Amino acid sequence: QQPVQSPQAVILREGEDAVINCSSSKALYSVHWYRQKHGEAPVFLMILLKGGEQKGHDKISASFNEKKQQSSLYLTASQLSYSGTYFCGTETSGTYKYIFGTGTRLKVLA
Amino acid sequence: DVKVTQSSRYLVKRTGEKVFLECVQDMDHENMFWYRQDPGLGLRLIYFSYDVKMKEKGDIPEGYSVSREKKERFSLILESASTNQTSMYLCASSQTASGSNEQFFGPGTRLTVL
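Every value quoted in this text rests on a predicted model; they were computed, and no experiment measured them. (Residues numbered from 1 in each chain as written. Chains lettered and ligands numbered in written order. Predicted model: local features only at pLDDT ≥ 70, side-chain atom pairs only at ≥ 80, totals over all residues. Heavy atoms only, no water.)

All names here are of chain B. The four strands are arranged β1-β3-β8-β7 in an open sheet whose pairing can be described as antiparallel. Edge strands, defined here as strands with exactly one partner in the open sheet, are β1 (4-6) and β7 (64-70). Along the sheet, successive strands turn relative to each other by an average axial angle of 20°, direction set aside. (Pairing = 2+ DSSP bridges. Helix = DSSP H or I, 4+ residues; strand = E, 2+ residues; numbered from the N terminus. Axes fitted to C-alpha atoms, helices over the stretch in contact; angles between N-to-C directions.)

If you want it as structure tokens, here you go:
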């Protein structure tokens, strides 16, 4: 079953912040986040492993709450280059299978 | 620079044809994946392979098969193409099977079945 992402779509002005959530009904081993620009392949952003860690990458960070089986991606002071579709990919323990969410379309306006 | 390549960017086939989609990675990765991407449905896993000649079904394997005879190459086969297999197909690879490794994606093949 695919993890649920929310919101499905969001529009921001440059400099605004956004949070994208990813929830699974299954126990998770890891969560991956990717961004896909129109007409391009998805590009890796970060991985969070079981253990409830939080990671940061420039002005994009993420958290992973394994008890709630949720991950959130935080985009701070958004830039035009942040526009695209964001996917979370989840791996349940021991399966080696990655299941991706349906995606969140994010558009940043000048 | 790491690379995953797919044999075609665009492909048009007729219903009932046998279709081969090829994927090659140059990173010596152990794991390779095939996804299809449809609007509103995200990326759905068709098959994956964690070693040469090994394969595992994903969530939507019906109507597809795969072949991995060499480590760098993973082929997706549509035995008898149908219109509901019109989609974008993405191949990916990762270093090992564990969740601690990112996936590298190819540019995708947009397949249209008429």
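Time to look at the packing of aromatic side chains. Scanning the model with the defined rule gives 10 aromatic pairs over all chains in all. Through pairs of rings, three or more aromatic residues link up here, namely A:Tyr34, A:Phe44, A:Tyr98, A:Phe100, B:Phe33, B:Tyr35, B:Phe48 and B:Phe105. (Phe/Tyr/Trp six-rings, centres within 6.5 Å; stacked < 30°, edge-to-face > 60°.)

Take the pairing of β7(B) next. Residue and element names in this part refer to chain B. Pairing of β7 with strand β8 (residues 73-78), which is carried by five bridges, proceeds in the antiparallel orientation. The residue bridging Ser 67 from the neighbouring strand is Ser 75, located in β8. In this antiparallel pair of consecutive strands, β7 and β8, the connection spans two residues.

At the junction of the two partners, chain B supplies 26 residues and chain A supplies 22 residues. Taking both partners together, chain B and chain A bury about 1800 Å²; carbon and sulfur atoms supply 58% of that area. Here chain B is connected to chain A by zero salt bridges. The tally of links between chain B and chain A comes to three residue pairs in polar contact (both at pLDDT 80 or more). Secondary-structure elements contributing two or more residues to the side of chain B that touches chain A are β4 (31-38), β5 (42-49) and β9 (87-94) of chain B. Ranked by the residues each element gives to the side of chain B that touches chain A, the list is headed by β5(B), at five residues. Class assignment for the residues of the side of chain B that touches chain A results in 10 nonpolar, 11 polar and five charged. (Contact = heavy atoms within 4.5 Å. Buried area = accessible area lost by both parts, 1.4 Å probe. Salt bridge = Lys/Arg side-chain N within 4 Å of Asp/Glu carboxyl O. Polar contact = N/O pair within 3.5 Å; in protein donor to acceptor, adjacent residues only side chain to side chain. Nonpolar A, V, L, I, M, F, W, Y, C, P; charged D, E, K, R; others polar.)

Take the state of the cysteines next. One pass over the full model with this rule turns up two disulfides over all chains. Between the sulfur atoms of A:Cys22 and its disulfide partner A:Cys88 the distance amounts to 2.1 Å. The S-S bond linking A:Cys22 to A:Cys88 shows a torsion near 70°; that makes this disulfide right-handed. Of this pair, A:Cys22 sits in strand β3 (residues 18-23) while A:Cys88 sits in strand β9 (residues 84-92), and the two are 66 residues apart along the sequence. Relative accessible area serves as the criterion here: at 2%, A:Cys22 is assigned to the buried category. Here A:Cys88 falls in the buried class, since its relative accessible area comes to 0%. Note on cysteine connectivity: B:Cys23 is disulfide-linked to B:Cys91, with sulfurs 1.9 Å apart. Torsion about the S-S bond of the B:Cys23 and B:Cys91 cystine: about -75°, corresponding to left-handed handedness. You can see B:Cys23 sitting in strand β3 (residues 19-25) and its partner B:Cys91 sitting in strand β9, a full 68 residues away along the chain. Judged by relative accessible area, which is 0%, B:Cys23 ranks as buried. (Disulfide = S-S within 2.5 Å. Buried < 20%, exposed > 50% of the residue type's maximum accessible area, 1.4 Å probe, protein only.)

Just distances and angles here, no functional claims.
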